[in-house]
Amino acid sequence: MIRFERLLVGAVLAATWCACAAGPSATTPPSPIGAGAAAHAAGAAKRAKPTFYILNVDETEKAEWVGVYGDGGTSLLRKIVVKRKYANPDMAADAAGHFYLYDGQEPVALSIYASRAAKLVESLDQLDPFGILTLDGSGNLYTTCRKQGEDLCEYAHAPKGVLKPGIVRRIRVPGALPFDLAVDDSGNIAMSGGIGGLFVFAPGQTQPYWKITGSGLVFLSNAFDSSGNLYVVTGQRDSSVSAVSVYAPGSTLPSRTITDGATAAGQIAFDGSGNLYVLNDCLEDCGSQPQSVSVYAPGGSVPVRTITSGIASGQGHGMAVDAAGDLVVTNVGNYSDAGSFAVYAPGGSKPIRTVSSGVRNPGLVVVGP
């Protein structure tokens with residue numbers, strides 16, 4: 001999971017955007033606007049609505065807190081205070097309803113909650129004060145752990161979502177700043193390291209079997225598709241343009257580069273059907289690229305849908321999408337308002353709701369059941 005603050009670091013490195021995770025061809029026609037929303041409404045009774053975990057920053061109180069918004073964002077269930085003000089927290093949620101909150105100020109603590117953050121079940125201390133975390137499909141946790149002398153640490157999954165004590169794997173990547181983590185269905189973990197390159201480790205291994213570098217390239221957000229292809233937001237130093245580069249498994253050169261609808265690419269993510277979501281979050285020198293979310297069919301390089309409605313101009317944003325295609329985009333506030341978040345039904349281009357009550361400068365967001 002890529003953190004909002006680390007995107008800001010990437011913006012400095014690449015001098016690009018700032019702020020803030022094989023199939024049918026790109027010619028596959030998109031569904032008519034509203035069709036996905038109608039299908040979502042028809043199936044709403046058959047599945048639970050998602051829960052959104054959103055990091056809020058209250059500048060008036062100089063405090064951070066996570067709002068847990070249930071029933072698809074219709075209700076604020078609870079607040080979790082981030083104890084250390086202006087830390088660099090990261091978050092994750094798993095399919096079993098556990099929520100992971102990584103508090104980034106020393107002594108760093110990782111808190112694991114059950115039942116939509118209603119109960120604290122586990123805590124870990126002394127992690128990287130500027131760290132990131134992600135989960136694989138089996139519930140194993142990967143997190144940066146530089147305080148212990150390595151860049152990445154892997155914790156094993158245990159019953160009921162409680163982590164086993166101790167670390168099962170330590171990985172050292174000299175010269176790279178961990179920027180984002182992603183894990184594929186086989187357990188391979190990719191770490192983008194900014195200007196240091198991109199490294200992929202096989203399960204249980206501590207040396208990368210796959211390394212990607214490039215002169216002047218900055219490697220930022222990354223995500224695997226279901227075929228093991230690696231999608232990476234790349235930029236050039238001293239350039240205002242970014243793109244999404246697609247690498248076949250093991251390849252050091254991209255098989256294609258997505259620029260249409262992605263020239264201000266920040267965060268990227270896939271839904272359960274393999275559709276790619278690209279958050280364009282440029283704040284200055286953006287050219288013709290608006291702040292938006294571009295959606296691509298599996299294997300496509302041209303957006304089948306571009307979402308601008310509900311996305312505020314001139315503000316930072318966060319994005320999350322679940323397997324069903326429920327999408328949430330946060331609008332960080334400014335001096336005149338407290339911000340908001342917009343919720344989109346699968347296939348929709350207009351928000352089914354925009355929430356401004358109970359939020360304060362919302363940024364980082366993750367979604368869970």
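Rules used throughout
- Residues numbered from 1 in each chain as written.
- Predicted model: local features only at pLDDT ≥ 70, side-chain atom pairs only at ≥ 80, totals over all residues.
- Heavy atoms only, no water.
- pLDDT = per-residue confidence, 0-100.
- Contact = heavy atoms within 4.5 Å.
- Pairing = 2+ DSSP bridges.
- Helix = DSSP H or I, 4+ residues; strand = E, 2+ residues; numbered from the N terminus.
- Axes fitted to C-alpha atoms, helices over the stretch in contact; angles between N-to-C directions.
- Buried < 20%, exposed > 50% of the residue type's maximum accessible area, 1.4 Å probe, protein only.
- Core = buried A, V, L, I, M, F, W, Y, C linked by side-chain atoms within 4.5 Å.
- 1 Å grid on protein atoms, 1.4 Å probe; cavity = no way out; pocket = protein on both sides within 12 Å on 5 of 7 lines; lining within 4 Å.
- Points joined across faces, edges and corners; volume = space filled by probe spheres on them.
- Nonpolar A, V, L, I, M, F, W, Y, C, P; charged D, E, K, R; others polar.

A. Structural context of the confidence of the model for the chain. Across the chain, pLDDT averages 80, with 74% of residues at or above 70. In this model residues 3–45 is a low-confidence stretch, pLDDT under 50, and it forms 101 contacts with partners more than four residues away in sequence or in other chains.

B. Up close: the sheet that holds strand S13 (residues 189–192). Taken together, the four strands give an open sheet; going across it, the order is S12-S13-S14-S15, and neighbouring strands pair in antiparallel fashion. For this open sheet the edge positions go to strand S12 (180–183) and strand S15 (210–212), each flanked by a neighbour on one side alone. Across this sheet, the average inter-strand angle for adjacent strands is 15°, counted without regard to direction. Note: S12 against S13, four bridges, orientation antiparallel. The partner of alanine 182 across the bridge, within S13, is alanine 190.

C. Examining the sheet that holds strand S7 (residues 119–125) more closely. With respect to topology, four strands assemble into an open sheet ordered S4-S5-S6-S7, the strand pairing being antiparallel. Single-partner strands in this sheet number two, and they are strand S4 (90–93) and S7. Each strand of the sheet is rotated relative to its neighbour by a mean of 15°, with strand direction disregarded. Pairing analysis gives six bridges linking strand S6 (residues 109–114) to S7, with the strands arranged antiparallel. If you follow leucine 110 over to S7, its bridge partner there is leucine 124.

D. Up close: the environment of proline 298. Relative to the elements of secondary structure, proline 298 occurs in the loop between strand S22 (292–296) and strand S23 (305–307). A C-alpha to C-alpha distance of 5.3 Å links proline 298 and glycine 274, two positions 24 residues apart in sequence.

E. A look at the environment of valine 343. With respect to the helices and strands, valine 343 occurs in strand S26 (residues 340–344). Sequence-distant contacts of valine 343, that is, excluding residues within four places in its chain, are made with Phe52, Gly72, Leu327, Val328, Pro351, Ile352 and Arg353.

F. Broad picture of the pairing of S26. For S26, the tally of buried residues reaches five of five residues, placing the bulk of the element in the interior. Neither face of S26 is left uncovered, since the one carrying Ser340, Ala342 and Tyr344 and the one carrying Phe341 and Val343 both have all their residues buried. Note that strand S25 (residues 327–331) and S26 share five bridges and pair antiparallel. Within S26, the position partnered with valine 329 by the bridge is alanine 342. Across three bridges, the pairing between S26 and strand S27 (residues 353–355) is antiparallel. Across the sheet, the residue bridging to alanine 342 is threonine 354, located in S27.

G. Fine view of the nonpolar core. By size, the foremost hydrophobic cluster in this structure holds 16 residues, and its most contacted members are Tyr231, Val244, Ile258, Ala262, Ile268, Leu276 and Val278. Mapped by element, the contributors of at least two residues to this core are strand S16 (217–224), strand S17 (230–236), strand S18 (242–247), strand S20 (265–270) and strand S21 (276–280).

H. Here's a closer look at empty space enclosed by the protein. When its volume is computed, the largest cavity comes out at roughly 40 Å³. Along its surface, the largest cavity is lined by Tyr231, Arg256, Ile258, Phe270, Gly274, Leu276, Tyr296, Ala297, Pro298, Gly299 and Gly300. Its residues assigned to classes, the lining of the largest cavity shows seven nonpolar, three polar and one charged.

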